[in-house]
Amino acid sequence: MVQAVELLADWLPHQRWFAGRAHVDGLRIASATLLRAESPRVWHVLVEVRQGDVTNIYQVPLAIRSELVDRLEYVHLGQTDHGHVYDALHDKSAAAEILACFADEHHAVGDLTFHREADAEVPFGEAALALPVEQSNTSLAFSDSALLKVFRRLQAGMNPDVEVHAALTRAGSEYVAPMLAWIEGRWADEHGASHQASLAMLQKYLTTASDGWALAAASVRDLYAEGDLHADEVGGDFAAESHRLGEATAEVHKTMAAALPTGTFDRTALAEKTDVMLGRLDHAATVVPELEPYLPSLRRQLERLRYVDHPVPVQRVHGDYHLGQVLRTVVGWKLVDFEGEPARTLAERTALDSPIRDVAGMLRSFDYAARYLLITDYEHNDPAYDQISYRAAEWAQRNRDAFCDGYATTGAPDPRQDPALLCAYEIDKAVYEVVYEARYRPAWLPIPLAAVERLAASPSP
Ligand SMILES: Nc1ncnc2c1ncn2[C@@H]1O[C@H](COP(=O)(O)OP(=O)(O)O)[C@@H](O)[C@H]1O
Ligand SMILES: O=P(O)(O)O[C@H]1O[C@H](CO)[C@@H](O[C@H]2O[C@H](CO)[C@@H](O)[C@H](O)[C@H]2O)[C@H](O)[C@H]1O
């Protein structure tokens, strides 16, 4: 595979899911398993990539063909002595081979183990189509039946997406796409130590699904088009959906609490949590100087978390909850992507936390949905700006309230009952967003910054 290493070193830095700088300092094949011997030959490869002090493991299944295939040109890595090398996840025949490995309930081959849930219906023989949105992972749809999410950058241990989907599927939750199967892999690091990680997860494909962000955005467009009507007067009012989404969220939290570990934050744990949030705020202010004027007030608000006068129940949570992580199907809302915030470590992403963290994430998302068109479609000096901005704030408040009402109808505590807790988690999320936007979408930075200003001024009891 010597030549393949060179091809990978050139190709990897151009992939959307490749983290870090463009220059690769060292690259080593950490594991290679032959999945199919006939053409196209399929090698499942894990590569260890060193960039400065940072080493990452990436999953790169490769398809080797003797011929150049025009339709695969966009995923052609180059040619070695063995043939033309392609990204196997975009090569239909190669991807089908991966699905075929789920034929037995447990199947080990080389460094990989394929597991299938008992009674799961795997659509063997269906052609795979890679979803166009390729961010940190690559997802393959097998017709309308199943979706294989392939994790590209691996962290040793069980991926929380697999762990949580397994728990919710086995508990019979109606609010997620049932998990059908998953793949585990192992590799040896440069010192010979062995590591294991989840490589991929196969789920039922949710047909008829529209994501919450698109639906909320359509409602906000209706509101802006009317200009002078209130959110409850326009055709595309979203409050009933937000209410149902609140219910679905609370039900998922309940099932996760029953199926996975739980605990409580006592005074010491609350103090530690406060310190972590304060630390993140200070770090964010070094990256985004616009936070500076709000620091004293934000710190005062976060300090209120330290003095919450009752133990706070904690459990496994979604961890990166927003409108883009929920899909509306004909039978209701489904939650996806339990991986947590992409930049955090596995330990942080699996740590027990208050479910208010997810509530705060979704409340922030209503704020984003209400305001992003003001950024993309209006100038500040537009005569309609102030009026629409006022209506947008009303839309966000109406949907935030509907979500919390829905959450509480399930018997779960109303998230607004604990304002110090909710405010701290909203600040923590808005601070994360400020850094995220500054890094990836600077034009959107005013959205979380406006929230920071509002949260800094929240009334303290
Ligand atoms: N079971 C499913 N059925 C249909 N679409 C899905 C399913 N799960 C996720 N999706 C869609 O696939 C895309 C990627 O899913 P996600 O789990 O969020 O991956 P990533 O972490 O790479 O963003 C999203 O647009 C999501 O709406
Ligand atoms: O890619 P992920 O879904 O894991 O999440 C990351 O990207 C999100 C942006 O797509 C980001 O979410 C922020 O923008 C959303 C609108 O695009 C908004 O609904 C969210 O409320 C806001 O946080 C998310 O924070 C980030 O982790």
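Residues numbered from 1 in each chain as written. Chains lettered and ligands numbered in written order. Predicted model: local features only at pLDDT ≥ 70, side-chain atom pairs only at ≥ 80, totals over all residues. Heavy atoms only, no water.

Basically, it comes down to this: UniProt positions are given in the numbering used here, feature names are shortened, and annotations may be inferred rather than shown by experiment.
Per an unreviewed UniProt entry, the protein chain goes by the name Maltokinase and belongs to Phytoactinopolyspora halophila. Its UniProt record gives the protein chain the following Catalytic activity (unreviewed entry) comment, quoted word for word: "D-maltose + ATP = alpha-maltose 1-phosphate + ADP + H(+)". Database annotation for the protein chain, UniProt heading Subunit (unreviewed entry): "Monomer."

## Overview of helix α9 (residues 356-377)
Operational definition: Numbering goes from the N terminus for both helices and strands, where a helix is a DSSP run of H or I of at least four residues and a strand is a run of E of at least two. Expected helix span is given by 1.5 Å per residue-to-residue step, counting one fewer step than there are residues. To get the bend at any residue, fit one axis to the seven residues that end at it and another to the seven that begin at it, then take the angle between the two axes. Accessibility here uses a 1.4 Å probe with only protein chains present; expressed as a share of the type maximum, an area under 20% marks a residue as buried, one over 50% as exposed, and anything in between as partly exposed.
With 22 residues, α9 should cover 32 Å at 1.5 Å per step; its first-to-last C-alpha distance of 32 Å lies within 8% of that length. Its axis deflected by about 35 degrees at Arg371, α9 carries its strongest bend there. Among the 22 residues of α9, 19 are classified as buried, and the element is accordingly described as predominantly covered.

## Let's talk about the packing of α9 against helix α10 (residues 385-409)
We apply this condition: Each axis is a line fitted through C-alpha atoms, and for a helix only the stretch in contact is used; angles between axes span 0 to 180 degrees, taken between their N-to-C directions. Convention used here: angles under 35 degrees read as roughly parallel, angles over 145 as roughly antiparallel, angles from 65 to 115 as roughly perpendicular, and any remaining angle as oblique. Should the near helix be turned counterclockwise from the far one by less than a right angle, the crossing is left-handed, whereas a clockwise turn marks it as right-handed. Should any heavy atoms of two residues lie within 4.5 Å, those residues are counted as being in contact. Put simply, Ala, Val, Leu, Ile, Met, Phe, Trp, Tyr, Cys and Pro go in the nonpolar bin, Asp, Glu, Lys and Arg in the charged bin, and everything else, Gly too, in the polar bin.
As a packed pair, α9 and α10 sit with axes 9 Å apart at the nearest point and diverge in direction by 155 degrees. When the axes of α9 and α10 are compared, the pair comes out roughly antiparallel. Along this stretch, α9 crosses α10, giving a crossing that reads as right-handed. Here Val359, Met362, Leu363, Arg364, Phe366, Asp367, Ala369, Ala370, Arg371 and Leu374 of α9 come into contact with α10, specifically with Tyr385, Ile388, Ser389, Ala392, Ala393, Trp395, Ala396, Asn399, Arg400, Phe403, Cys404 and Tyr407. Among the residues forming the contact of α9 with α10, the class breakdown is 16 nonpolar, 2 polar and 4 charged.

## Quick word on the site of ligand 1
Just so we agree on the cut-off: Definition of nearness: a residue and a molecule or strand are near each other if at least one heavy atom of the residue lies within 4 Å of the molecule or strand. Definition of a polar contact: a pair of N or O atoms within 3.5 Å, with one able to donate and the other able to accept a hydrogen when the atoms are protein atoms, and with sequence-neighbouring residues admitted only if both atoms are side-chain atoms. Method for areas: the Shrake-Rupley scheme with a 1.4 Å probe, in which residue coverage is limited to the protein chains shown. What counts as a domain boundary in this text is fixed by an automatic or database domain assignment.
Lining the immediate environment of ligand 1, one finds 14 residues, of which Asn137, Lys149, Lys204, Leu206 and Asp337 sit closest. A distance of 2.8 Å separates a nitrogen atom of ligand 1 from a polar atom in the backbone of Leu206. Contact with the protein chains removes 84% of the 550 Å² of surface that ligand 1 exposes when unbound. Broken down by class, the residue content of the shell around ligand 1 amounts to 7 nonpolar, 3 polar and 4 charged. For the shell around ligand 1, the two domains that each supply at least three residues are domain 1 (2-204) and domain 2 (210-456).

## Remarks on the site of ligand 2
Every one of the 14 residues lining ligand 2 counts as a neighbour, but Asp320, Ser365, Tyr432, Glu433 and Arg441 are closest to it. With respect to ligand 2, the side chain of Ser365 contributes an N or O atom lying 2.6 Å from an oxygen atom. One of the side-chain N or O atoms of Tyr436 is found 2.9 Å from an oxygen atom in ligand 2. Bound to the protein, ligand 2 loses 86% of the 530 Å² it would expose on its own. It is helix α11 (residues 419-440) that provides the largest number of residues to the shell around ligand 2, a total of 4 residues. Split into classes, the residues belonging to the shell around ligand 2 amount to 6 nonpolar, 4 polar and 4 charged.

## Topic: the pattern of salt bridges
Threshold: Take a side-chain nitrogen of Lys or Arg and a carboxyl oxygen of Asp or Glu: if they are within 4 Å of each other, that pair is a salt bridge.
Using the criterion set out here, one finds 34 salt bridges in the structure. Note that Arg398 is salt-bridged to Asp237, the shortest N-O span being 2.7 Å. Of this pair, Arg398 sits in helix α10 while Asp237 sits in the loop between α4 (212-226) and α5 (239-259), and the two are 161 residues apart along the sequence. Of the residues examined, Arg398 reaches a relative accessible area of 32% and is grouped as partly exposed. For Glu341, the salt bridge identified is with Lys429, shortest N-O distance 3.7 Å. Note that Glu341 is positioned in the loop between β19 (332-335) and α8 (346-350) and Lys429 in helix α11, a separation of 88 residues in sequence. The pair formed by Glu341 and Lys429 is uniform in burial state, with each residue classed as buried.

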